[in-house]
Structure formats: structure tokens, C-alpha cells
Amino acid sequence: MAGYCVRLLRVNLSTGEINKENLDTVLAKKFVGGRGLATYLLSQEIDPGIDPFDSANRIIFATGPLTGSRAPASGRYMVVTKSPLSGTIASSNSGGFWGPELKRAGFDLIIIQGKSDKPCYLSIKNSIVEIKDAEKYWGKLVSEATDMLLEEAQDPKARVLVIGPAGEKLTLLASVMNDKYRAAGRSGVGAVMGSKNLKAIVVRGTGTLAPANLDATKEVLKEVRKKIQENEVTSKGLPTYGTSVLVNVINETGIYPTRNFQQAYFETADKVSGEVLAEKYLVRNVACFGCPIACGRHSSIDGVECEGPEYETLWAYSANCGVDDLAAVIRANNWCNEYGLDTISAGATIACAMEMYEKGIIKPDEIDGPPLKFGSSEAIVEWSRKMGAAEGFGAKLALGSYRLAEEYGVPELSMSVKKLELPAYDPRGAQGQGLQYATSNRGGCHVRGYLISPEVLGLPEQLDRFSLEGKAVWVKAFQDLTAVIDSLGLCLFTSFALGAHDYRDMLNAIAGGDWTTDTLLDAGERIWNLERIFNLKAGVLPEADKLPSRLLEEPIPDGPSKGHVHHLAELLPQYYKERGWDEQGIPSGAKLSQLDIV
């Protein structure tokens with residue numbers, strides 16, 4: 001099978017065993033690869049009810065059949081495990097160059113199980129795989145650890161995946177970092193890696209990845225690249241201003257969550273926009289492997305070069321915390337990258353704490369740092385550092401907004417779904433996006449079905465963002481297609497310009513096969529339902545398909561979306577029906593049989 005190495009690597013850190021196993025090609029086709037295949041393997045190998053920090057839990061690093069291929073934006077890989085933050089399946093995505101390097105080394109995925117009795121890292125040089133001591137790297141920040149590991153590898157072309165101190169301390173917001181600045185950021189996957197005393201995976205591969213049909217591949221990719229080059233978002237908006245091009249767009253739509261979602265319009269958003277980032281701090285654009293879009297921002301501040309911030313990060317620390325100081329946002333982002341923290345959850349948790357502080361719920365004498373006041377540049381920077389170090393009150397913040405608010409008896413102030421903090425779009429002004437939040441298999445997430453594309457950007461067509469009509473159909477379609485894209489190993493941003501048939505054509509040409517658009521979307525639906533079954537077995541029941549009460553009961557107070565709430569109660573039954581689930585949100589036997597996952 002072209003597109004696949006047809007080999008996986010299994011590492012038991014408890015026993016030190018390293019095994020290279022053949023990939024089941026029937027399963028690979030059934031679940032595509034990446035997110036889908038890793039979800040199946042996790043479901044088969046662990047009890048979903050397991051404690052995420054139990055040594056029997058697995059953490060799987062998975063590429064897709066198009067990862068590292070000639071397809072555009074093919075630098076993606078997935079980290080799949082059980083989330084310590086939400087208790088759901090965790091499936092976190094990252095770009096850069098690490099995933100393609102793993103493919104070049106000859107492996108489709110790595111399954112890590114067990115727990116080392118001391119800090120270690122995994123070294124992969126093509127077929128030579130070793131577990132090495134990592135004592136001298138433990139406690140190091142991400143950039144320093146990366147540089148030290150590259151020096152030990154004695155190969156500047158090696159690629160490093162690593163956790164920072166946040167992951168080592170089992171911080172529930174910990175991310176997995178690669179290439180210094182790329183992050184598999186959400187769901188606390190870095191903490192699972194830390195629970196196994198695994199500091200890093202260093203990979204060097206020299207293999208080649210030939211397409212199944214070279215002529216067909218050239219023809220398909222010519223058409224695909226043309227579409228990307230002609231699309232306004234992928235050819236102009238993202239390359240020029242990065243993901244932060246959205247700041248003014250979303251704010252002027254009136255769905256830019258402000259001060260912990262108390263408002264949806266930030267009056268000084270223009271001071272912390274992608275345009276200002278490009279003008280004052282941008283050094284150059286950065287592209288992941290094989291990417292023609294190059295939305296990454298290589299920035300400089302205080303004499304230090306860094307990357308970012310991305311749109312979600314910029315929002316979490318600016319509007320959501322009431323801060324219009326872009327320099328402070330960049331510094332907070334840098335601490336998150338160095339300690340290995342999810343910037344969305346970190347910023348959103350600080351915003352939640354700020355509301356609690358200003359309402360007198362958190363008392364001044366409880367905290368050991370700057371006052372948690374909206375608008376405080378000092379607060380977002382210092383509390384990010386303290387969260388990463390799990391220092392003082394920062395250790396409490398590092399548990400996430402839900403646990404913080406619940407401890408004080410006000411869980412409704414946590415703007416989260418299934419304990420995962422919501423991102424940068426107020427669902428009161430985007431009904432489809434709100435339905436996607438509530439039903440997402442990993443909790444409050446925008447990249448499991450980006451309904452902002454049709455509801456705001458008009459891609460592939462313009463929808464009325466306030467209307468409920470047809471939104472269940474759109475949400476299901478976007479969720480299933482996104483599952484496919486994640487499983488292929490491609491960047492979701494390609495979907496601004498491409499449709500399901502384009503992904504079908506690339507897969508058939510590069511990996512070989514006879515996929516149709518329907519069979520590919522069926523695979524996406526299969527993956528989505530398998531994740532749902534995992535969550536149900538883990539005890540995450542349909543009652544968790546909800547939004548914070550503020551978004552259902554408190555109308556947006558001002559701005560272009562003034563007066564609106566989210567109408568989840570009307571949309572959820574429509575969604576369950578569209579999914580072929582029963583009225584309680586449980587996949588029916590007929591649906592599971594149809595998808596061949598009984």
C-alpha cells in the first residue's frame with residue numbers, strides 16, 4: 001500500500017520492550033489512518049474507563065497516508081490517548097516537520113504503553129530504536145531541551161517532539177510540542193506523556209515516500225494547488241496576516257468573546273490584530289512541511305525570536321482577558337510554548353479567574369501574584385509562567401477553568417464543554433458553531449467542525465449564522481469531513497479551498513485505492529461514531545452535550561450580534577436524528593452495523 005509504511009512501533013516503557021509490528025492494511029483502509037486508526041487501536045487496547053495516568057493507558061502518535069507526501073500541507077500528525085482534562089478521547093493535532101520525519105523513518109505510528117521508572121526519551125534513527133536516559137533534560141524548557149536533544153543526536157536534520165515542565169508536572173493543560181513551536185495543544189496530552197516519564201521522541205528518517213501513481217498524482221496536485229492559489233483565504237488572508245487575520249473579521253461580526261464571554265465585541269481589538277502583529281513584530285512567514293499557505297508567524301520581541309501568536313492564542317489572552325497589549329500577549333504565548341501549555345485553555349482559565357476575582361469569589365489574599373483583573377498585561381504574562389511551573393496559585397489555575405470554578409462553587413463561570421475550554425467564537429451569534437461545540441467528541445473545540453467557514457466566511461457557501469434551519473446537517477457533514485482530513489494527515493486549512501472530492505482524488509493517486517466521495521465520508525462518520533462510543537464507555541454521557549448556561553440564557557449585551565442567545569435545546573434533537581442516534585444521543589445498533597463498528 002503506497003502512502004503507508006505498513007509498520008508501527010510499539011514501546012513498553014515499563015519493560016523496555018521495543019517491537020516493530022506490521023500494520024493491518026484492512027484496518028488502515030477502514031479507518032484511513034491518523035486520527036481514525038489511532039482511535040480504533042486505543043479503543044481496542046484500553047478500557048475507556050481507565051485513569052488517564054494509569055500506566056496501562058496508551059499514548060499514540062499517528063501519521064496518515066498523506067503525511068509527508070507531495071500533497072499540500074501534509075505535515076500533520078495526531079496524538080491520541082485518554083484525556084486527563086476531560087475524561088474523553090483526546091485526539092490532538094500538530095503540524096511542522098515531525099510527522100513526515102516519522103514516516104521517512106519507516107513508521108506509520110507509535111504506540112507508547114507502560115511507565116519508565118525514570119525520565120527517558122525515545123530515539124528513532126530509521127530502524128534503530130532506543131530508549132535513552134533523559135535525566136539531564138527533565139525540567140528543561142522546550143527550546144533548551146530541543147537544542148540539547150539535537151546536539152546529542154548529532155544530526156541537525158533530526159526532528160524533536162518534547163514536553164515542557166508543565167507535562168512533567170502532569171498539568172492538565174499540558175501540550176506536546178514539536179519543532180519548538182508547533183503544538184498538539186489540547187486535552188492535556190502532554191500530561192499523559194509526562195505520566196509515563198517520557199520527555200521526548202527524537203526522529204531521523206532517510207526513507208522516501210513514492211506515490212502509487214506518479215502521473216495521476218501530478219495531475220491531481222496541479223488542480224488542487226490551483227484551487228489553493230485562487231482562494232482568497234489560503235492565498236491572501238492567511239499568508240499575509242496568519243490566522244490572526246480573523247481578529248477584526250470575527251470582532252466586527254460581534255462574536256469575539258470578551259472578558260470571559262460576558263460580551264462578544266472587544267472595543268480595542270484593532271490594537272491586537274493580525275495587521276498590527278505583521279507591522280510591529282513579524283520577522284517572516286513560516287510554513288509547515290509542504291505547505292503553500294505559510295500561515296505561521298516568526299516574530300521577535302525583547303530581542304527574542306519566537307513563533308506566533310495564532311488567532312486563538314491572541315484572542316484568549318487579549319479580548320477574553322480584556323487586554324489590548326499585543327506585546328504582553330506575545331510574552332504570555334512564549335511562556336506557554338516554553339512550558340508546554342495549551343494557550344487556549346491557559347488564557348481562558350485566566351479569564352475565568354479574572355471574572356471570579358472581580359466578583360469577589362477569589363480573594364486577594366489567596367493569590368501570590370498580580371491581581372487577576374481584566375485588562376492587566378502583567379497578570380496574563382506572570383500567571384502563564386506560574387501555571388507552567390505549577391507554582392503557588394498557578395498550580396490551581398493549571399487544573400483548568402472548570403475545576404477552578406467548581407472548587408469555588410461556580411462551575412457556570414467556566415466557559416467550557418466537557419471541561420475543555422471554548423475557543424474564540426461566541427456561539428450565540430453562530431448557531432451551527434455552537435451545536436458543534438456541544439457535540440464535539442473532545443469537548444469545547446472549533447477544529448472538529450469549523451462552522452465559522454460557512455456561517456461567517458461564506459465558504460463553501462454563505463449561511464445565515466442566526467438561523468437554525470439545516471444546521472444539524474451542516475455540523476454532521478463538517479465533523480465527518482474533518483475526521484477524514486485529520487486521518488489523512490493534512491492541514492484543515494486546505495478545506496477553505498478544497499472539497500471532499502479533492503481529498504478523495506489525492507488519496508487515490510498518492511496512496512492507491514478506489515475510494516469514492518461517499519466511502520471516504522462514510523469513513524469519517526465511522527471515526528466519529530467510534531469516538532462517541534469510546535466516550536460513552538468512559539462515562540461521558542449525552543448529558544455532557546451542552547453549553548455553559550451563560551450562552552443559553554444571557555443575550556449578547558452589545559455589538560453586531562446584540563440580543564442573541566444559543567438555541568441548543570432546539571438543535572440537539574435534530575442533530576441526534578441526523579446522526580442516526582436515538583433520542584438520548586446513543587448511536588443505534590442499526591447505525592453501528594451500517595458503519596461496521598458493532
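Residues numbered from 1 in each chain as written. Predicted model: local features only at pLDDT ≥ 70, side-chain atom pairs only at ≥ 80, totals over all residues. Heavy atoms only, no water.

### Overview of the overall build of the protein
A count of helical and extended segments in the protein gives 24 helices and 17 strands. In terms of overall size, the protein behaves like a compact globule, its C-alpha atoms giving a radius of gyration of 22 Å where 598 residues would be expected to give roughly 25 Å. Per-residue burial for the protein yields a buried fraction of 64% across its 598 residues. Relative to all contacts within the protein whose residues are 6 or more apart in sequence, the contacts with residues 24 or more apart total 69%. When the accessible area of the protein is evaluated, it comes to approximately 20100 Å², of which 49% is carbon and sulfur surface. (Helix = DSSP H or I, 4+ residues; strand = E, 2+ residues; numbered from the N terminus. Rg over C-alpha atoms; globule rule 2.2 N^0.38 Å. Buried < 20%, exposed > 50% of the residue type's maximum accessible area, 1.4 Å probe, protein only. Contact = heavy atoms within 4.5 Å. Areas by Shrake-Rupley, 256 points an atom, 1.4 Å probe, with all protein chains shown as cover.)

### Points about the environment of I50
Tracing the backbone shows I50 in the loop between α2 (34–45) and β3 (59–62). What makes I50 buried here is its relative accessible area of 13%. Sequence-wise, I50 and A538 are 488 residues apart; in three dimensions their C-alpha atoms are separated by 7.6 Å. Each residue touching I50, except ones within four places of it in the same chain, is listed here: A56, N57 and K82.

### Focus: the environment of V11
Relative to the helices and strands, V11 resides in strand β1 (residues 7–12). Residue V11 is classed as buried on the basis of its relative accessible area, which comes to 0%. It is 31 Å that separates the C-alpha atoms of V11 and L595, two residues lying 584 residues apart in sequence. The residues contacting V11, other than those within four sequence positions of it, are E17, I18, I111, I112, Q113, L122 and I131.

### A look at the pattern of salt bridges
For the structure on display, the rule yields 44 salt bridges. Residues E144 and K140 are paired through a salt bridge, measuring 3.6 Å at the closest nitrogen-oxygen approach. Close ionic contact of R448 with D486 constitutes a salt bridge, the shortest N to O distance being 3.5 Å. Note that R448 is positioned in the loop between α17 (431–439) and α18 (452–457) and D486 in helix α19 (residues 471–488), a separation of 38 residues in sequence. Looking at D486, the relative accessible area reads 7%, which means it is buried. Salt bridges linked by common partners bring D368, E382, R385, K386 and E391 together as one network. (Salt bridge = Lys/Arg side-chain N within 4 Å of Asp/Glu carboxyl O.)

### Details of the nonpolar core
Within the largest apolar cluster, 124 residues are counted, with the highest numbers of intra-cluster contacts made by Y256, I380 and M506. Broken down by element, this core gets its largest block of residues, 9 residues, from helix α13 (residues 343–358). Aside from chain neighbours lying at most four places away, what touches M506 is L66, A71, P72, V220, L221, V224, L490, L498 and A511. Core analysis: the second largest hydrophobic core is formed by 30 residues, L27, A38, I50 and V80 among them. (Core = buried A, V, L, I, M, F, W, Y, C linked by side-chain atoms within 4.5 Å.)

### Remarks on the packing of helix α7 (residues 214–230) against helix α20 (residues 500–511)
In contact at an axis separation of 9 Å, α7 and α20 are set at 155 degrees when each is read in the N-to-C sense. Judged by the inter-axis angle, α7 sits roughly antiparallel to α20. In this structure, α7 crosses over α20, and the sense of that crossing is left-handed. On α20, the residues that touch A216, T217, V220, L221, V224 and K227 of α7 are H501, D502, D505, M506, A509 and I510. When its residues are assigned to classes, the contact of α7 with α20 shows 7 nonpolar, 2 polar and 3 charged. (Axes fitted to C-alpha atoms, helices over the stretch in contact; angles between N-to-C directions. Parallel < 35°, antiparallel > 145°, perpendicular 65-115°, else oblique. Left-handed = near helix turned anticlockwise from the far one by under 90°. Nonpolar A, V, L, I, M, F, W, Y, C, P; charged D, E, K, R; others polar.)

### Looking at the domain arrangement of the protein
Per the domain assignment, the segments of the protein are domain 1 (7–204), domain 2 (244–421) and domain 3 (427–496 + 516–594). In this structure, domain 2 and domain 3 have C-alpha centres spaced 25 Å apart. With 28 residues of domain 2 at the contact, the number on the domain 3 side is 34 residues. Where domain 2 touches domain 3, the interface holds 2 salt bridges. A salt bridge links E355 to R550, with the shortest nitrogen-to-oxygen separation between them at 2.6 Å. One can count 12 residue pairs in polar contact (both at pLDDT 80 or more) joining domain 2 with domain 3. Mapped by element, the contributors of at least two residues to the side of domain 2 that touches domain 3 are α9 (246–253), α13, β16 (416–417) and β17 (420–421). For the side of domain 2 that touches domain 3, the leading source of residues is α9, giving 5 residues. For the side of domain 2 that touches domain 3, the residue count by class is 14 nonpolar, 7 polar and 7 charged. (Domains from an automatic or database assignment. Polar contact = N/O pair within 3.5 Å; in protein donor to acceptor, adjacent residues only side chain to side chain.)

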